[in-house]
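Analysis of the macromolecular model
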Amino acid sequence: MGEFVRLEVADGVGTIRLDRPKMNALNVQVQEEIRAAAAEATERDDVKAVVVYGGERVFAAGADIKEMADMSYTDMVKRSGPLQSALTAVARIPKPVVAAITGYALGGGCELALCADVRFAADDAVLGQPEILLGIIPGAGGTQRLTRLVGPSKAKDIVFTGRFVKAEEALAIGLVDRLFPASSVYDEAMAWARQFAGAATYALRAAKESIDRGLEVDLETGLEIERQQFAALFATEDRTTGMRSFVENGPGKAQFEGR
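First, a word on what this report is: a plain description of the structure on this page. (Residues numbered from 1 in each chain as written. Predicted model: local features only at pLDDT ≥ 70, side-chain atom pairs only at ≥ 80, totals over all residues. Heavy atoms only, no water.)

Enumeration according to the criterion identifies six aromatic pairs in this entry. By the ring-pair criterion, three or more aromatic residues cluster together here, those being F120, F180, W192 and F196. A cation over an aromatic ring shows up here: R20 above the ring of F4, its NZ or CZ 5.6 Å from the ring centre. (Phe/Tyr/Trp six-rings, centres within 6.5 Å; stacked < 30°, edge-to-face > 60°. Lys NZ or Arg CZ within 6 Å of the ring centre and 35° of its normal.)

See the structure below:
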């Protein structure tokens, strides 16, 4: 368990909890603790889905600018790879991941939220990529994941201007998926994640990998990724269980073992 980031597990759901007062700034230590928490969530069989949460007041207000201010070009050449890969570790968790966003999700905080499969936000949440106002650009996936999510013109507007995006606009453009009162965002995210506690683990993994990897390639290659993942699931016990249950009892009644 890290000093500022921990994995809390209950009812089949792992919560990656950021807790670095006051604004969950993502310094190098926090980045590496996020990586470690993502790795633990990936490895643990009792974690079937993941919630990423910064607490009741703020998701994450971005990178630690004080830490970066004195870094040279060569310093950042060395650090930029680990920065990206620490957040990518969350995106690569082979299980459903939901970000529960309260308060601000800015810069690296927004990039962390973009690594989730879906985003639930408070109705007063604020998101954005304000790096341009510091004379830099997003460096942990913002120019890439944001563009894939909302399209190039909207992403360019957000990145070029560095402006803040309020919750209702974020919902309208697809930057977040659902809005809730701030007091219920985490509970709603947990409820969404809990539905996978008894799901077919390897089928979920295959679905996520097919979608994510398919976005990175042309359609023909994406279809081949899907075909291989589809066929491979016929080697799992869950596939046998699911189909037998369907034939005998109808849909939605299978009890999967995650094998």
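Having put the structure on the table, let's press on.
Residues V51, F59, V90, I101 and L175 are the most contacted members of the largest nonpolar core, which totals 64 residues. Broken down by element, the residue count for this core peaks at six residues, all from helix α3 (residues 73–91). In this structure, V90 is in contact with I34, A38, V52, V97, L112 and C115, ignoring residues within four places of it in sequence. (Core = buried A, V, L, I, M, F, W, Y, C linked by side-chain atoms within 4.5 Å. Buried < 20%, exposed > 50% of the residue type's maximum accessible area, 1.4 Å probe, protein only. Helix = DSSP H or I, 4+ residues; strand = E, 2+ residues; numbered from the N terminus. Contact = heavy atoms within 4.5 Å.)

Glancing now at the pattern of salt bridges. Scanning the model with the defined rule gives 15 salt bridges in all. Note that R6 and E8 form a salt bridge whose closest N and O atoms lie 2.5 Å from each other. The class of E8 is partly exposed, set by a relative accessible area of 31%. The partner of E237 in a salt bridge is R259, with the nearest N and O atoms 3.3 Å apart. With E237 in helix α11 (residues 237–249) and R259 in the segment after α11, this pair connects stretches of sequence that are 22 residues apart. Taken together, the shared-partner salt bridges in this structure form one network comprising R6, E8 and D19. (Salt bridge = Lys/Arg side-chain N within 4 Å of Asp/Glu carboxyl O.)

Taking 1.5 Å per residue, 14 residues should reach 20 Å; helix α10 (residues 219–232) reaches 20 Å between its end C-alpha atoms and fits that length. Residue D218 occupies the N-cap position of α10, its side-chain oxygen lying 3.1 Å from the main-chain nitrogen of E220. (Expected span 1.5 Å × (residues − 1). Polar contact = N/O pair within 3.5 Å; in protein donor to acceptor, adjacent residues only side chain to side chain.)

Below, the discussion takes up helix α5 (residues 142–150). All buried positions along α5 are accounted for by G142, L146 and V150. Considered in projection along α5, the buried side chains sweep an arc of 20° and stay on one side of the axis. Immediately downstream of α5, the backbone of G151 shows phi near 95°, a positive value. (Arc of directions from axis to C-beta.)

Quick look at the packing of helix α1 (residues 28–43) against α3 now. For the pair α1 and α3, the least separation of the axes is 8 Å and the interaxial angle reads 40°. Here α1 and α3 pass one another in a crossing that is left-handed. Contacts from V28, Q31, E32, I34, R35 and A38 in α1 reach R79, P82, L83, S85, A86, A89 and V90 in α3. Here the residues of the contact of α1 with α3 sort into eight nonpolar, two polar and three charged. (Axes fitted to C-alpha atoms, helices over the stretch in contact; angles between N-to-C directions. Left-handed = near helix turned anticlockwise from the far one by under 90°. Nonpolar A, V, L, I, M, F, W, Y, C, P; charged D, E, K, R; others polar.)

Moving on to the sheet that holds strand β7 (residues 126–128). Read across the sheet, three strands follow the order β5-β7-β8 without closing on themselves; strand pairing throughout is mixed. Sheet topology places β5 (104–106) and β8 (164–166) at the edges, where each strand pairs with a single neighbour. Strand after strand, the sheet turns through a mean of 20° between neighbouring axes, direction not considered. In this structure, β7 lies alongside β8, joined through three bridges in antiparallel fashion. (Pairing = 2+ DSSP bridges.)

Here we take up unusual backbone geometry. In this structure, K22 follows P21 across a cis peptide bond, with omega equal to 0°. Within the fold, K22 resides in the loop between β2 (13–18) and α1. Unlike most non-glycine residues, D11 shows phi in positive territory, near 55°. Relative to the assigned elements, D11 resides in the loop between β1 (5–10) and β2.

Another point: the side chain of D64. Inspection of the secondary structure assignment puts D64 in the loop between β3 (49–53) and α2 (65–68). Among the polar contacts made by the side chain of D64, one reaches the side chain of R20 at a distance of 3.0 Å. Residues contacting D64, with those up to four places away along its chain left out, are R20, A25, L26 and N27.

Right, let's talk about the sheet that holds strand β9 (residues 178–180) for a bit. What the six strands build is an open sheet, ordered β1-β2-β3-β4-β6-β9; its pairing is mixed. This sheet does not close on itself; its edge strands, each paired only once, are β1 and β9. Between one strand and the next, the sheet's axes are offset by a mean angle of 20°, whatever the strand orientation. Taken strand by strand, helix α8 (residues 185–194) contacts β1, β2, β3, β4 (97–101), β6 (118–122) and β9, and its axis lies near 170° from that of β4.

This paragraph deals with the state of the cysteines. By the definition in use, this model includes zero disulfides. Just so you know, C110 is unpaired, no disulfide at all, and the nearest cysteine sulfur is the one on C115, 10.0 Å from it. On the basis of relative accessible area, C110 is assigned to the buried category, the value being 1%. The exposure class assigned to C115 is buried, which follows from its relative accessible area of 3%. (Disulfide = S-S within 2.5 Å.)

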